[in-house]
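Given next are the chains, with one letter for each unit.
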Amino acid sequence: SRYDETHISLSPDGTIAYFTSNRPGGFGGLDIYRSRQLPDGSWATPQNLGANINTPEDEESPMLHPDGKTLYFSSRGHNSMGGFDIFTSKETDDSTWTQALNIGYPINSADDDLFFVPTAIQNRAYYASSRFKHKIGRIDLYEINYEEPEEARLAIIKGSILSDYPMDNLRISITDSNNKLSGLYKPNPVTGKYIL
């Protein structure tokens, strides 16, 4: 838009864009918006993620976890320890977001902590911080290695569907060993590619 858009990231399947903007109609400062890719390849009108994510202060650097449901972002609002802190929220079944949760110390500091990037590699993430301890530049990059419960670890499956059937009507169902639905995914309506 003709306003400021400072950061964008895509969902793992590339069909949803999360970005920050100070366009009118938000909660104040930079807010996080989401836009879905339409079957013709264009992008839908952006939707503000709402009051559980956005505050009158700035939000920045939205990044979706490879699970497709957990959002990490930085905010000067909510209950920040000082400057930008990293928060997390999960998308619910009705496409709303849970209340943002500060991921806390030692990752967050009294300085600016931004661009938290989770990875599909178990127990690893990256982020940028302006903290003074061990500082080399104005903002330094950090690697985080942490313990994670066995049940929270991820497996990534990707592929492509070739079909004459309209892609926007196709869904991929994942069930657990008890035949309980644990995930419903759709391929990219233009390319047929998917990532789970």
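Located above this text is the structure these notes cover.
**Details of the sheet that holds strand S9 (residues 113-118)**
Strand order in the open sheet made by the three strands is S9-S10-S11, with antiparallel pairing throughout. Of all strands in the sheet, those bounded by a partner on one side alone are S9 and strand S11 (140-145). The sheet shows a mean angle of 20° between the axes of neighbouring strands, taken without regard to direction. The pairing of strand S10 (residues 124-129) with S11 spans six bridges and is antiparallel. Note on S11: the bridge partner recorded for Tyr-127 is Tyr-142.

**What to know about the side chain of Ser-11**
For Ser-11, the location among the structural elements is in the loop between strand S1 (5-10) and strand S2 (16-21). A residue is classified by how much of its surface remains accessible, and Ser-11, at 7% relative accessible area, is buried. Polar contacts involving the side chain of Ser-11 include one to the side chain of Asp-13, which spans 2.6 Å. Excluding anything up to four places from it in sequence, Ser-11 contacts Ile-16 and Leu-64.

**Focus: the nonpolar core**
As a rule of thumb, soluble globular proteins bury nonpolar side chains together. Counting residues in each nonpolar core, the largest one holds eleven residues, listed as Ile-16, Tyr-18, Ile-32, Leu-49, Ile-53, Leu-64, Leu-71, Phe-73, Phe-87, Trp-97 and Ala-100. Looking at this core, the elements with two or more residues in it are S2 and strand S6 (70-75). Those residues in contact with Leu-64 that sit more than four places away from it in its chain are Ser-9, Ser-11, Pro-12, Tyr-18, Lys-69, Thr-70, Leu-71, Trp-97 and Pro-118. Formed by eight residues, the second largest nonpolar core is a distinct cluster that contains Ile-107, Ala-125, Tyr-127 and Tyr-142.

Reading the values: the criteria
Residues numbered from 1 in each chain as written. Predicted model: local features only at pLDDT ≥ 70, side-chain atom pairs only at ≥ 80, totals over all residues. Heavy atoms only, no water. Pairing = 2+ DSSP bridges. Helix = DSSP H or I, 4+ residues; strand = E, 2+ residues; numbered from the N terminus. Axes fitted to C-alpha atoms, helices over the stretch in contact; angles between N-to-C directions. Buried < 20%, exposed > 50% of the residue type's maximum accessible area, 1.4 Å probe, protein only. Polar contact = N/O pair within 3.5 Å; in protein donor to acceptor, adjacent residues only side chain to side chain. Contact = heavy atoms within 4.5 Å. Core = buried A, V, L, I, M, F, W, Y, C linked by side-chain atoms within 4.5 Å.

Don't take any of this as a statement about function, it's just geometry.
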